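Chain and residue survey
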Amino acid sequence: MTPILALDNVSYAYRGTHAGQHAVQDVSFTIEPGQNTGLVGESGSGKSTLVKLLLGLMRPTSGQVLFDGVPLNLGDQSQVRSFRRSVQTVFQDPYSSLDPRQRVGRIVGEPVRSLRVARGRAADELVAKALESVGLAADAASRYPHEFSGGQRQRIAIARAIVSRPRVLLADEPVSALDVITRSQVIALLAELGPSRDLTVLMVSHDLSVVGALCQRTVVLQGGRIVEQGTTSSVLGAPSETYTRQLLAAVPRLPQI
Amino acid sequence: MNLLEVASLSVTSSDGVARVRDVSFTVAPGERLGLIGESGSGKSLTAFAVIGLLPAGLKATGSVMLDDTQVVGAPEKNLVPLRGRVCSFIFQEPLTALDPLMKLGHQLAEPIARHQGLRGSALKRAVLDALDEVHLPEPERIADSRSYEISGGQRQRVAIAMALACRPRLLIADEPTTALDVTVQSGVLALLDHLVADRDMAMIFVSHDLAVVSRMTDHALVMRSGEAVERGSIGELLASPRHPYTAEFAASARRIETAFASAIARGRPE
């Protein structure tokens, strides 16, 4: 099967950095349909740079981002429209990613309008369905973000991301800001969206336990390079790199009872 | 005798909302207690109230006896001798605890000079020793740096050195590793564990993360919406929680842990 998204030997250097100082270097991996993928790394590993490249917000200094096997060309409007519809995103902080002055229905419906997915009643129905699939009541649409808790706001952000029926959900530390009960609920929701909406999650996280709970594949980044990638169980169960072992050993574990 | 006795502590905001309600617990010398709860549970406010550091607009009632001194309603001059010597605080974000305009060595020298009465080269020596104790490499360079010139993990180590400078008998750590990367977190937790054990200090460890708390203490008080829900050993809270909230909290933590453990088990070579 053609991967939905692929990075082919991608490098990126920010302007003004010294020659050879790359934020990410020679990175290649693919997002296959149905294979939730975890991108793991600590601060400075290049996670955020990769996210921007994968979202088409920046062009790689060298290498290519492939969308459905075709190089992503930000000048090609029809490709970009189909790309935006197919790849949506959820950010870490559910407080700053929702406009406090808009009602939830309008926030969630934004991609429907801007991507011209539907209009009028059909658009309202898409919004209602998205809210329902993230477990929010239908009357949420007429309320404002501040009326919701952190976990509910993250559900609103997820509803906005899935409303245009994307194939990939790029979630950047989606549960890091959430308390443990909400965190476990949001992970369960993301896991369930895969089969129910044909959605593949690419989750960026520094937390291996969250990746282990949601992703079939794991990519480990350190200092802008991939140190290890493979199925989550092989990366976690039989890590081949010292750095991966260090990350694993550092995860706080619950005592066995 | 207990080092800390909190009895019917309530914290109320100026609009009359109770943020902490009727919380009671004790900490004996050398004892460690985890304060576990989600955001808004009142765990941090409880910790602040212990040392009389509540943000403006919040008022404590009830009783907090810290080393036989009443903290609730006490004038500032009664609290100053307690801070640093009896009880010290480590905050979540070390940047807020460190002055960006001051060299770290000078900041660390302040409590050491006050507590041990050292000056000149003896003081300088003590500052470098304190940095060395928290396992910072190149203490001279760190002492000569400002907070923004070192990494987050190093900052938290400097904050720990400052908190320990006056040899307190109780250390309150409020989510001290939440802002750190996992590998850095693991190093800072190991350091705290070892320093607290070494000096026979008591510790209150505040966190929302059950796994992190279990790394530092085997006893915890669970808080929710400003109330103490239950106190017990981590094993009891996980295995036989008495309160439905503790059960839900523990089950959620366990669910993530189980999925993680089974992913590891699946990939382990035969």
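Residues numbered from 1 in each chain as written. Chains lettered and ligands numbered in written order. Predicted model: local features only at pLDDT ≥ 70, side-chain atom pairs only at ≥ 80, totals over all residues.

The helix and strand inventory of chain B stands at eleven helices and ten strands. A principal-axis box enclosing the C-alpha atoms of chain B has dimensions of 60 × 60 × 35 Å. Of all 270 residues assigned to chain B, the portion counted as buried reaches 47%. Put simply, of all contacts in chain B between residues at least 6 apart along the chain, 64% involve residues at least 24 apart. (Helix = DSSP H or I, 4+ residues; strand = E, 2+ residues; numbered from the N terminus. Buried ≥ 20, exposed ≤ 12 C-beta atoms within 10 Å, placed from the backbone. Contact = placed C-beta atoms within 7 Å.)

A word on the overall build of chain A. Along its length, chain A carries nine helices and ten strands. In terms of overall dimensions, chain A is globule-like: its C-alpha atoms have a radius of gyration of 18 Å, near the 18 Å expected for 257 residues. Across the 257 residues in chain A, those meeting the buried criterion constitute 46%. Considering only contacts within chain A whose residues lie at least 6 apart along the sequence, 66% involve residues at least 24 apart. (Rg over C-alpha atoms; globule rule 2.2 N^0.38 Å.)

As a further point, take the nonpolar core. Ranked by internal contacts, the top residues of the largest apolar core, which has 159 residues, are Ala 159 of chain A together with Val 50, Leu 108, Ala 161, Leu 170 and Ile 172 of chain B. For this core, the leading source of residues is helix H11 (residues 244–267) of chain B, giving eight residues. Lining this core are residues from two domains, each supplying at least three of them: domain 1 (4–86 + 171–267) and domain 2 (98–167) of chain B. Among residues more than four places away in sequence, those in contact with Leu 108 of chain B are Val 127, Ala 130, Val 158, Ala 161, Met 162 and Ala 165 of chain B. (Core = buried A, V, L, I, M, F, W, Y, C linked by C-beta atoms within 7 Å. Domains from an automatic or database assignment.)

All names here are of chain B. When its domains are assigned, chain B resolves into domain 1 (4–86 + 171–267) and domain 2 (98–167). In this complex, domain 1 contributes 13 residues to the contact, which on the side of domain 2 involves 13 residues. It is helix H8 (residues 182–198) that provides the largest number of residues to the side of domain 1 that touches domain 2, a total of six residues. Class assignment for the residues of the side of domain 1 that touches domain 2 results in nine nonpolar, two polar and two charged. (Nonpolar A, V, L, I, M, F, W, Y, C, P; charged D, E, K, R; others polar.)

Moving on: the interface of chain A and chain B. Where interface size is quoted, it is often the accessible area lost as the parts come together. Each partner contributes to the interface: chain A provides 29 residues, whereas chain B provides 35 residues. Contributions of two or more residues to the side of chain A that touches chain B are made by helix H6 (180–197), helix H7 (208–214), helix H8 (232–237) and helix H9 (242–250) of chain A. Of all the elements, H8 of chain A adds the most residues to the side of chain A that touches chain B, at five residues. Along the lines of polarity and charge, the residues of the side of chain A that touches chain B split into 14 nonpolar, eleven polar and four charged.

We now examine the sheet that holds strand S10 (residues 227–233) of chain B. What links the strands of a sheet is backbone hydrogen bonding, and the strands pair in either a parallel or an antiparallel sense. Residues and elements named next belong to chain B. Strand order in this open sheet of six strands is S6-S7-S8-S3-S9-S10, and the pairing throughout is mixed. Here the strands that pair on one side only, and so sit at the sheet edges, are strand S6 (87–90) and S10. Here the average twist between neighbouring strands, direction ignored, is 20 degrees. The pairing of strand S3 (residues 32–36) with strand S8 (residues 202–207) spans five bridges and is classified as parallel. Counted as the bridge partner of Arg 32 is Met 203 from S8. (Pairing = 2+ DSSP bridges. Axes fitted to C-alpha atoms, helices over the stretch in contact; angles between N-to-C directions.)

The next thing to look at is helix H4 (residues 120–133) of chain A. Residue and element names in this part refer to chain A. Here H4 contains 14 residues, and its C-alpha end-to-end distance of 20 Å stays within 8% of the 20 Å for a straight helix at 1.5 Å per residue. Where H4 is concerned, the buried positions are Leu 126, Val 127, Ala 130 and Leu 131. Each buried residue of H4 lies within a common arc of 130 degrees when the element is viewed along its axis, so the set occupies one face. Opposite the packed face of H4, turned more than 90 degrees from it, sit the exposed residues Arg 121, Ala 122 and Glu 125. Packed against the buried residues of H4 are helix H3 (104–114) and helix H5 (150–162). Of the residues one or two after H4, Gly 135 is the one with positive phi, at around 80 degrees. (Expected span 1.5 Å × (residues − 1). Arc of directions from axis to C-beta.)

Before going further, it helps to spend a moment on the packing of helix H4 (residues 104–116) of chain B against helix H5 (residues 120–133) of chain B. All names here are of chain B. Running from amino to carboxyl end, H4 crosses H5 at an angle of 115 degrees, the nearest separation of the two axes being 9 Å. Judged by the inter-axis angle, H4 sits roughly perpendicular to H5. At the point where H4 passes H5, the crossing takes the right-handed sense. In this structure, H4 uses Gly 105, Leu 108, Ala 109, Ile 112, Ala 113 and Gln 116 to contact H5, whose residues at the interface are Leu 123, Ala 126, Val 127 and Ala 130. Taken together, the residues that form the contact of H4 with H5 break down as eight nonpolar, two polar and no charged. (Parallel < 35°, antiparallel > 145°, perpendicular 65-115°, else oblique. Left-handed = near helix turned anticlockwise from the far one by under 90°.)

Excluding glycine, a negative phi dihedral is what most residues carry, and trans is how most peptide bonds are arranged. Residue Arg 116 of chain A is not a glycine yet carries a positive backbone phi of 50 degrees. You can see Arg 116 of chain A is positioned in the loop between H3 and H4. Classification of Arg 116 of chain A by C-beta neighbours within 10 Å gives exposed; the count is 12. At Asp 67 of chain B, a residue that is not glycine, the phi angle is positive and equals roughly 50 degrees.

What follows deals with the pairing of strand S2 (residues 18–27) of chain B. Residue and element names in this part refer to chain B. The pairing of strand S1 (residues 4–13) with S2 spans six bridges and is antiparallel. Bridge pairing links Thr 12 to Ala 18 in S2. Counted along the chain from S1 to the antiparallel partner S2, the turn is four residues long, and its residue Gly 16 has a positive phi close to 90 degrees.

Further remarks concern the confidence of the model for chain A. When pLDDT is averaged along chain A, the result is 92, and 100% of the positions lie at 70 or above. Looking over chain A, one finds the lowest element-wise mean pLDDT in H6 of chain A, namely 90, and the highest in strand S10 (residues 225–231) of chain A, namely 97. (pLDDT = per-residue confidence, 0-100.)

For the rest of this paragraph, the subject is the sheet that holds strand S2 (residues 24–31) of chain A. All names here are of chain A. Here four strands make up an open sheet; going across it, the order is S2-S1-S4-S5 and the pairing antiparallel. Lying at the two open borders of the sheet, with one neighbouring strand each, are S2 and strand S5 (70–71). Sheet topology places strand S1 (residues 5–12) next to S2; five bridges connect them, and they run antiparallel. Pairing of Ala 6 across the sheet is with Thr 30, part of S2. In this fold helix H1 (residues 47–54) packs onto S1, S2 and strand S4 (62–67), with an angle of close to 125 degrees to the strand it touches most, S1.

Our next topic: the environment of Asp 68 of chain A. Residue and element names in this part refer to chain A. Here Asp 68 lies in the loop between S4 and S5. Taking the C-alpha atoms as reference points, Asp 68 and Pro 239, separated by 171 residues in sequence, lie 30 Å from one another. Discounting chain neighbours no more than four positions away, the residues touching Asp 68 are Thr 2 and Ile 4.

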